[in-house]
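Chains, contacts and geometry: an overview
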Amino acid sequence: MKLFIPVLILVLLLGMSGINAFSQDDQNVNFSYGVVEEVSGDTITIIEKIYDETTGKEAEEKVSYKIVPGTDFDNVSSTKEIVKGHEVDIEYVEKSGNKEITYIY
């Protein structure tokens, strides 16, 4: 029993630090969706619909995302299968001024 309590405390502390690190990583992931406008090299440009809560109007905006090594694809095996007009969902992180895709489906 004397060994059980310190081990339990250690497990709880390690677990809590892991949860904290995990939630910090999640905060850096952003989400977007829209219709593909263009695929060029390692860049995908989509048209996003943006709802303005103050005016109640919807607007469209072209936004470009960068495909990087390690980008995960779902329902397609590469960018060659993504064409203008496809609807896509994108998970991305912002690094050095670029929106780098981590997952596209």
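Check the entry above for the structure.
Residues numbered from 1 in each chain as written. Predicted model: local features only at pLDDT ≥ 70, side-chain atom pairs only at ≥ 80, totals over all residues. Heavy atoms only, no water.

**Description of the pattern of salt bridges**
Under the defined criterion, the tally for this structure stands at four salt bridges. A salt bridge links K84 to E37; the shortest N-O distance between them is 3.9 Å. One end of the pair, K84, is in the loop between β3 (57-73) and β4 (87-95); the other, E37, is in strand β1 (residues 30-40), and 47 residues separate them in sequence. The exposure class of E37 is partly exposed, given its relative accessible area of 24%. Here E60 and K49 are joined by a salt bridge, their closest N and O atoms 3.1 Å apart. Linking E60 in strand β3 with K49 in strand β2 (residues 43-52), this pair joins segments that are 11 residues apart in sequence. Among the charged side chains, a salt-bridge network with shared partners connects E37, K62 and K84. (Salt bridge = Lys/Arg side-chain N within 4 Å of Asp/Glu carboxyl O. Helix = DSSP H or I, 4+ residues; strand = E, 2+ residues; numbered from the N terminus. Buried < 20%, exposed > 50% of the residue type's maximum accessible area, 1.4 Å probe, protein only.)

**Notes on the packing of aromatic side chains**
One pass over the structure, following the stated rule, counts two aromatic pairs. Relative to Y105, the ring of Y103 lies with its centre 4.7 Å away and its plane at 40°, an arrangement referred to as tilted. (Phe/Tyr/Trp six-rings, centres within 6.5 Å; stacked < 30°, edge-to-face > 60°.)

**Comments concerning the sheet that holds β3**
A barrel is described by the order of its strands in space; here five strands give the closed sequence β1-β2-β3-β5-β4, paired in mixed fashion. Adjacent strand axes in the sheet meet at a mean angle of 55°, parallel and antiparallel pairs treated alike. (Pairing = 2+ DSSP bridges. Axes fitted to C-alpha atoms, helices over the stretch in contact; angles between N-to-C directions.)

**Remarks on the pairing of strand β5 (residues 98-104)**
One ladder, built from four bridges, connects β3 with β5; its direction is parallel. Each residue of the ladder has a partner; that of I67, found in β5, is I101. Here β4 pairs with β5 via six bridges, running antiparallel. From the neighbouring strand, Y92 faces β5, where its bridge partner is I101. The turn linking β4 back onto β5 is made up of two residues, and S96 within it adopts a positive phi angle of 50°.

Keep in mind these numbers describe shape, not what the thing actually does.
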